[in-house]
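Each chain, letter by letter, is given below.
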Amino acid sequence: MANARLAITPKNHKGNRVNQLSPKETKNPLPNPDKGVSQDLNVSKKIPLNPPFSKGEAGEHLEQSSGHIVLPPSFAKGGVGGGFSSSSQLPPGWTVLSCGDAFDQISTTKAKIKTKDTLSEGLFPVVDQGLNFIAGYIDDEDKVLDVDEPVCVFGDHTRIIKWVDFSFVPGADGTKVLTPKKHIHPRFFYYQLKSLKIVDRGYSRHFKYLKESVFVLAPLPEQIRIANKLDSILAKVDNAQARLEKIPTLLKRFRQAVLAAATSGELTREWREERSLSSIKNILENSRLQHWKNIQLDEFEKKKITPKSNEWMSKYKPIRYVGKLKGIPDEWLIERLDFIADVIDPNPKHRNPKYHESGYLFISTAQFSGVDDFDFSTCRYVAEETILEQKERCRFDERSIAFSRKGTIGHTRILDVEFKFALLDSLCVINCDENLSEKFINYVLRSSVVHVQVLEKTKGVALKQISVGGVRELLIPIPSLEEQGEIVRRVESLFALADSVEKQYKAAKQRLDRLTQAVLAKAFRGELVPQDPDDEPAAELLKRIQAQRTQQQTGKKRHAAS
């Protein structure tokens, strides 16, 4: 075992192999917001978004607060532990010191291990400065750090704070293992570390800024009261957070269920049965023939060719699908995508254009945001030459659909934007027939009807992709034009409901995110629990401990001299 200042018995690692890389499965003593079981979304019921706090508990702590300790101007250098002197602004019995004087650092030089050297399962968990509570596992017992009291892990690069109460293997460079001084309650120490506002300096070192931070010290009994109160309140916050975190999954499932019902005809089944709807077959066949003729005539004009006869029209031989798809109404058409739309590769040479510091947006799936939005903040720029070349090939308009065929396959966006742009070759362009609703086709492309087909046609290991030819072969269910419009109307209505719930979720999540820091700030201003005048002041405690240390050191010197 690695040599440590403290030594304990492992709680939950007794030599049995485990596989739990996810933080939500780790036996963490703190409530984990990722833990929870998803459930179906019933849109007829309101989702409780407000935290389950009673009046006078955590709900009252959400106030305008910076969420961290602010050093009063009257705090001057030269006080406790070389830190700061006391002030009338502190609660009675409190004092202040530098954070570096509040803990001891446990050496991990011989024990630390790099994340790339960890296993997905093993005997001993690795805790590093990363976002995941457990970074991986190893089987080397000599690397294990044993402690008999909980410790805190501080991420030198990430500023992440972790509470660890079991034997573990420290992560590589940047993982600082801290144990509070004897006069500081471990949970009080942990929560105050969580409350500190350390400026983000990217992947630079932050440990020195942690040590220089202001650490307020309450009397020991009050530390215990504060820690217990925070445990109680923040457990409720974490439980509320866990409930909230289920909502994005529920909304995703809800939207998928809506699309499945829409593209299978179930969403409009009763509406359809009450009406006599004309088939779109003849309209679509005539429209596609005319579209093909127009393209051929445009080519003749570009080449300055005048056809001597109409024999060229005999070359029109579209590939049609004959058959049915399971679960699709009999009266609906089933057609290949390349019959009802032009499917175009915007960059058939698959060579990225030259990028510029300014110019025209070059869009990829990285710019897809939310359900239907774009985020162009990370977009690259290309010259007008690329724009003109793609515009001629793709014939973009406000009805064009971008379909992702590499990496994140099957994501779509309607390209209804008011500026010139070009597309990365990970996307292909779908221009629907003018007699079809592009919104309906977009919903079909996102549905399980198409998703199943995409999975069958996907190839590749490192980079999953479907060819443009594979996209053209996708089978699309097509109802009458009237039913397409009704389906779009109903889907938009249900999606608007989901958007409203999502908006409430984001607002509630923002409140909860602020609430934790507000409660911590209140705790370390001395406003969370009442002060007890009978508690030994923190300054007196420090003096007594310092006197005991001085006496011990003097005794050791006398013993050595004798």
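Cut-off values and rules
Counting restarts for each chain, with residues numbered from 1 along the sequence as it is written. In keeping with the model being predicted, local features are shown solely for residues with a pLDDT of at least 70 and side-chain atom pairs are shown and tallied solely at 80 or more, while totals for entire chains, interfaces and linings include all residues. Calculated side-chain values reflect all of the structure's heavy atoms, with hydrogen atoms and water omitted. Think of it this way: any DSSP run of H or I at least four residues long counts as a helix, any run of E at least two long counts as a strand, and we number them from the N terminus. Accessibility here uses a 1.4 Å probe with only protein chains present; expressed as a share of the type maximum, an area under 20% marks a residue as buried, one over 50% as exposed, and anything in between as partly exposed. Residues count as neighbours in contact if any of their non-hydrogen atoms are within 4.5 Å of one another. Pairs of N or O atoms within 3.5 Å make up the polar contacts considered here, provided that, within protein, one atom can donate a hydrogen while the other can accept it, and that residues adjacent in sequence are counted only when both atoms are side-chain atoms. Definition of nonpolar core: a set of buried residues of the types Ala, Val, Leu, Ile, Met, Phe, Trp, Tyr and Cys, connected through side-chain atoms within 4.5 Å. Patches here are clusters of residues that have more than 30% relative accessible area and form no salt bridge, with a 9 Å joining cutoff for like charges and a 5 Å cutoff for nonpolar side chains (Val, Leu, Ile, Met, Phe, Trp, Tyr). The Shrake-Rupley method, run with a 1.4 Å probe, gives the accessible areas here. Residue values count only the displayed protein chains as cover. Every case where a carboxyl oxygen of Asp or Glu lies within 4 Å of a side-chain nitrogen of Lys or Arg is listed as a salt bridge. For the purpose of charge, His is not counted, nor are the chain termini; Lys and Arg are scored as positive and Asp and Glu as negative. A charged residue contributes its charge at one atom only: NZ of Lys, CZ of Arg, CG of Asp or CD of Glu. Strands are labelled as partners when DSSP assigns at least two bridges between them. In this analysis, axes come from line fits to C-alpha atoms, helices being fitted only over the stretch in contact, and the angle between any two N-to-C directions falls in the range 0 to 180 degrees.

1. Let's talk about the overall build of the protein chain
Here comes step 1: Within the protein chain, the regular secondary structure consists of 12 helices and 21 strands.
Here comes step 2: A burial count over the protein chain gives 44% of its 562 residues as buried.
Here comes step 3: Partitioning the intrachain contacts of the protein chain with sequence separation of at least 6 by distance along the chain shows that 75% fall at a separation of at least 24.

2. Section: the environment of R393
Here comes step 1: Looking at where R393 falls in the secondary structure, it is placed in helix α7 (residues 384-394).
Here comes step 2: The class of R393 is partly exposed, set by a relative accessible area of 26%.
Here comes step 3: For the pair R393 and D345, spaced 48 residues apart in sequence, the C-alpha separation works out to 8.5 Å.
Here comes step 4: For R393, the side chain forms a polar contact with the main-chain oxygen of P346, separated by 2.6 Å.

3. A few points about the nonpolar core
Here comes step 1: If you look at the biggest cluster of nonpolar residues, it comprises 93 residues, and the most contacted ones within it are L210, L230, L337 and I340.
Here comes step 2: The residues touching L210, leaving out its near neighbours within four places in the chain, are C99, F103, F154, L178, L193, L196 and I198.

4. Quick word on a negative patch on the surface
Here comes step 1: On the surface, a cluster of negative charge is made up of D397, E398, D416 and E418.
Here comes step 2: Its location among the elements puts E418 in the loop between β18 (412-414) and β19 (421-423).

5. Points about the sheet that holds strand β20 (residues 427-432)
Here comes step 1: Read from one edge of the open sheet, four strands run β11-β20-β17-β18, paired in antiparallel fashion. Only two strands of the sheet have a single neighbouring strand rather than two, namely β11 (341-344) and β18. Recorded for the sheet is a direction-independent mean angle of 20° between the axes of neighbouring strands.
Here comes step 2: When β11 meets β20, the two strands line up antiparallel, connected through four bridges. By the bridge assignment for β20, I344 is matched with V429.
Here comes step 3: The sheet contacts of helix α8 (residues 438-446) involve β17 (401-404), β18 and β20, and relative to β18 the element is tilted by about 170°.

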